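Secondary and tertiary structure notes
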Amino acid sequence: MKISLQIQWLSILALLFFFTLFSVDVFADDIQDGIAAYKQGDFQTAYQAWHQAAENNVAEAQWMLAILLLIGQGVKQDKVAAYSWLTLASEKQHKQAMIDRMAIRDRLSAEELMSADTLSKAFRDKQMAKTAINHQKEKAFHWFENAAKQGDPQAQYQLGEMLLNGEGVKQDKVAAYSWFSLASEQNQPQAIVKQAQLKTELSRSQIERANALMLTNRDNHLITDKPPGLPGLVN
């Protein structure tokens, strides 16, 4: 079953109206990048940006991505995938996604609806797995943080890595540099390398803030020649 031209044009108008109604600044970077690209007619870049945000379970991006898939802008038309993304956005009470989903539901065959449901279920399962993994990373972050504050150089290095990569915590390169610096003072070899690499990516003001943070953390514990060991830690 084909999606009517009327629905396609209404979908485009909904996107354009949405862009004029809201300031781009209120959205995450991926959505902002996609909106900017779409306005310039670069639909493929818009698709890529919104796809990344949609994979992160952002309802607004899931709706936008569905519209591109529905009308075939920047990507091959795929009404099954579009319906799946509309379903996922609707589950988060995204009003326009709920409207669009109902508008195209009757235009899909039973087999297409089943395929869309399979895609939606696979996404939900993946999100559940990611949540479980992130929970474990958060626990690991707090464990390393406690040990790092006691002066253990290996924990300080591991904490810096997690901050640098945004694992179990929001990415913070300044804080990562400060912990690499502390571990480097105790000759932790991996931290010495990471500190040097990261230094080239930070501005002077960021390095100054990192050094101030390092001094604060260093003052909060006593670094000795024999720091407390952490059994079971691996490089």
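Since we're looking at a predicted model, the values are computed, not measured.

**Considering the overall build of the protein chain**
Within the protein chain, the regular secondary structure consists of 11 helices and zero strands. The proportion of buried residues among the 235 residues of the protein chain is 42%. Relative to all contacts within the protein chain whose residues are 6 or more apart in sequence, the contacts with residues 24 or more apart total 60%. For the protein chain, the accessible area works out to roughly 13300 Å², and carbon and sulfur atoms hold 54% of it.

**A short note on the packing of aromatic side chains**
In this structure the tally under the stated criterion is five aromatic pairs. Ring plane angle 25° and centroid distance 5.9 Å describe the contact between Tyr38 and Trp50, whose orientation is recorded as stacked. Taken together, the positions of Tyr38 in helix H2 (residues 29-39) and Trp50 in helix H3 (residues 43-55) put the pair 12 residues apart, joining distant regions of the chain. No difference in accessibility class separates Tyr38 from Trp50, as the two residues are buried. Consider the rings of Trp143 and Phe144, whose centres lie 5.3 Å apart with planes at 70°: the pair is edge-to-face. Cluster of aromatic residues (ring-pair linked, three or more members): Tyr38, Phe43 and Trp50.

Here is what the cut-offs are and how they apply
Residues numbered from 1 in each chain as written. Predicted model: local features only at pLDDT ≥ 70, side-chain atom pairs only at ≥ 80, totals over all residues. Heavy atoms only, no water. Helix = DSSP H or I, 4+ residues; strand = E, 2+ residues; numbered from the N terminus. Buried < 20%, exposed > 50% of the residue type's maximum accessible area, 1.4 Å probe, protein only. Contact = heavy atoms within 4.5 Å. Areas by Shrake-Rupley, 256 points an atom, 1.4 Å probe, with all protein chains shown as cover. Phe/Tyr/Trp six-rings, centres within 6.5 Å; stacked < 30°, edge-to-face > 60°.

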